[in-house]
Amino acid sequence: MKAKTMPYPLRLPKGLLELADLRATEERVDRSTALRQLLYAGAEQYLLELLQRGRISLSKAAELLDCSTWAIYELAQARGMTLGATAEGYERAKERLRG
Amino acid sequence: MVIDSDGLIKLAKAGVLEKVVKAWDCHITQAVYEETVERGKEEAYPDAEEIERIIQDRGHVRPPSREHPQAKGVLALAGAKSLGRGEQETLHLFFAEEADVIISDDRAFLAVLERAALPYLPPALALVELARRKGIGIEEALEALERMKRLIKAEVYQRAREDLEALKGKVRREGDEG
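Residues numbered from 1 in each chain as written. Chains lettered and ligands numbered in written order. Predicted model: local features only at pLDDT ≥ 70, side-chain atom pairs only at ≥ 80, totals over all residues.

Caption draft 1: Inspection of the overall build of chain A at higher detail. Across its full length, chain A holds 5 helices and 0 strands. Put simply, chain A runs from its N terminus to its C terminus through helices and strands in the order α-α-α-α-α. Taking the principal axes of its C-alpha atoms as reference, chain A extends roughly 60 × 25 × 25 Å. (Helix = DSSP H or I, 4+ residues; strand = E, 2+ residues; numbered from the N terminus.)

Caption draft 2: Structural detail: the environment of His 68 of chain B. All names here are of chain B. With respect to the helices and strands, the residue His 68 is situated in the loop between β3 (61–62) and α5 (69–78). C-alpha of His 68 to C-alpha of Leu 91: the two residues are 23 residues apart in sequence and 8.7 Å apart in space. The residues touching His 68, leaving out its near neighbours within four places in the chain, are His 92, Phe 95 and Ala 96. (Contact = placed C-beta atoms within 7 Å.)

Caption draft 3: Summary view of the packing of helix α1 (residues 14–27) of chain A against helix α2 (residues 31–52) of chain A. All names here are of chain A. The contact between α1 and α2 brings their axes to 8 Å, and the two run at 105°. In terms of their interaxial angle, α1 and α2 are classed as roughly perpendicular. Seen from α1, the contacting residues are Ala 20, Asp 21, Arg 23, Ala 24 and Glu 27; seen from α2, they are Arg 31, Ala 34, Leu 35, Gln 37 and Leu 38. The class makeup of the residues in the contact of α1 with α2 is 5 nonpolar, 1 polar and 4 charged. (Axes fitted to C-alpha atoms, helices over the stretch in contact; angles between N-to-C directions. Parallel < 35°, antiparallel > 145°, perpendicular 65-115°, else oblique. Nonpolar A, V, L, I, M, F, W, Y, C, P; charged D, E, K, R; others polar.)

Caption draft 4: Spotlight on the interface of chain B and chain A. Counting residues at the interface gives 36 residues for chain B and 26 residues for chain A. Listing elements by their share of the side of chain B that touches chain A, those giving two or more residues are α1 (5–14), α3 (30–42), α6 (85–96), α7 (107–115), β5 (120–121), α8 (123–132) and α10 (154–177) of chain B. When the residues that make up the side of chain B that touches chain A are grouped by side-chain class, the tally is 17 nonpolar, 6 polar and 13 charged.

Caption draft 5: Examining unusual backbone geometry more closely. The backbone of Arg 28 of chain A sits at a positive phi, close to 55°, despite the residue not being glycine. As for its placement among the helices and strands, Arg 28 of chain A is situated in the loop between α1 and α2. Owing to 9 C-beta atoms within 10 Å, Arg 28 of chain A belongs among the exposed residues under this scheme. Of note, the phi angle at Lys 134 of chain B is positive, near 65°, even though the residue is not glycine. (Buried ≥ 20, exposed ≤ 12 C-beta atoms within 10 Å, placed from the backbone.)

Caption draft 6: Summary view of the sheet that holds β5 of chain B. Residue and element names in this part refer to chain B. Across the sheet, 3 strands lie side by side as β1-β4-β5; this open sheet has parallel pairing. Across the chains shown, the open sheet's two edge strands, defined by having one partner strand only, are β1 (2–3) and β5. Examined bridge by bridge, β1 and strand β4 (residues 102–103) share 2 bridges and lie parallel to one another. Within β4, the residue paired with Val 2 across the bridge is Ile 102. (Pairing = 2+ DSSP bridges.)

Caption draft 7: Expanded view of the nonpolar core. Residues Ala 124 and Leu 127 of chain B are the most contacted members of the largest nonpolar core, which totals 77 residues. Tallying contributions element by element places α8 of chain B first for this core, with 7 residues. Looking at which domains feed residues into this core, each of domain 1 (2–122) and domain 2 (124–177) of chain B supplies at least three. Those residues in contact with Ala 124 of chain B, other than ones at most four positions away along the chain, are Tyr 90 of chain A together with Leu 145, Met 148, Ile 152, Val 156, Tyr 157 and Ala 160 of chain B. (Core = buried A, V, L, I, M, F, W, Y, C linked by C-beta atoms within 7 Å. Domains from an automatic or database assignment.)

Caption draft 8: Quick look at the packing of helix α9 (residues 138–148) of chain B against α10 of chain B. All names here are of chain B. Where α9 contacts α10, the axes come no closer than 10 Å and their chain directions differ by 170°. The angle between α9 and α10 places the two elements in the roughly antiparallel class. Here Ile 138, Ala 141, Leu 142 and Leu 145 of α9 come into contact with α10, specifically with Tyr 157, Ala 160, Arg 161, Leu 164, Leu 167, Lys 168 and Val 171. Across the contact of α9 with α10, the residue classes break down as 9 nonpolar, no polar and 2 charged.

Caption draft 9: Examining α8 of chain B more closely. The element α8 of chain B is largely enclosed, with a buried count of 9 among its 10 residues. At the C-terminal side of α8 of chain B, Lys 134 of chain B shows a positive phi close to 65°.

Caption draft 10: Layout of the confidence of the model for chain B. With 96% of its residues at a pLDDT of at least 70, chain B reaches an overall mean of 92. Scored as a complex, the prediction yields pTM 0.90 and ipTM 0.90. (pLDDT = per-residue confidence, 0-100.)

Below you can see the structure in the form of structure tokens.
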């Protein structure tokens, strides 16, 4: 499934554009593609941090990155992140169950 | 009970989803089905097909619903922006089906459930409960917990392991007395 795209005007530091050009040469892609790849990598990392901290949910993360929930788990595992309830949450759920 | 994507993934990876579905009356929403099964199959995740087999065999997928007034109230108070369609529909389905509990391990979703004082089961605790209700043997549950280990927090793995070991001890003592 191809993600929807839309144009967005943006001023970028010269160094970042040079980095994009380097990546474009290395990866044999055009400058715009290289910039999108760099932006996407940063977005993935930020989104996983939000997910780990419980600021967004798994389903929301999958919607934002336009992928399956499995893919989000795979990305988290690749970065050594574990997602899920805390021990306090586990104990509270247990208390409520017995309650 | 109602299961969200996070719960489905962890129970499937642990190899116990089928036993959970047999032990309890389980439902999932259309949104959860789409983001986990349909999208997972498109991206060639083999566990997505396994979930499809288990869920479709028993026809537990419910059509889209975002209309339950109690769910709307909870989302309005707790803030729906952090949740995706999957968790929001799960909450609506929980009220619509008058379910007992939601299986989820999603911190953002659990925070909403906590604020609304709604019952939830993290998958590791669901595994302990399944063993307590004899829906799975204790040794088998310990093996499943090992498969779940890399997907859950180490502290939760430890608590669930202690609970299963305690249950094992209790069953042994009852056997000795009987």
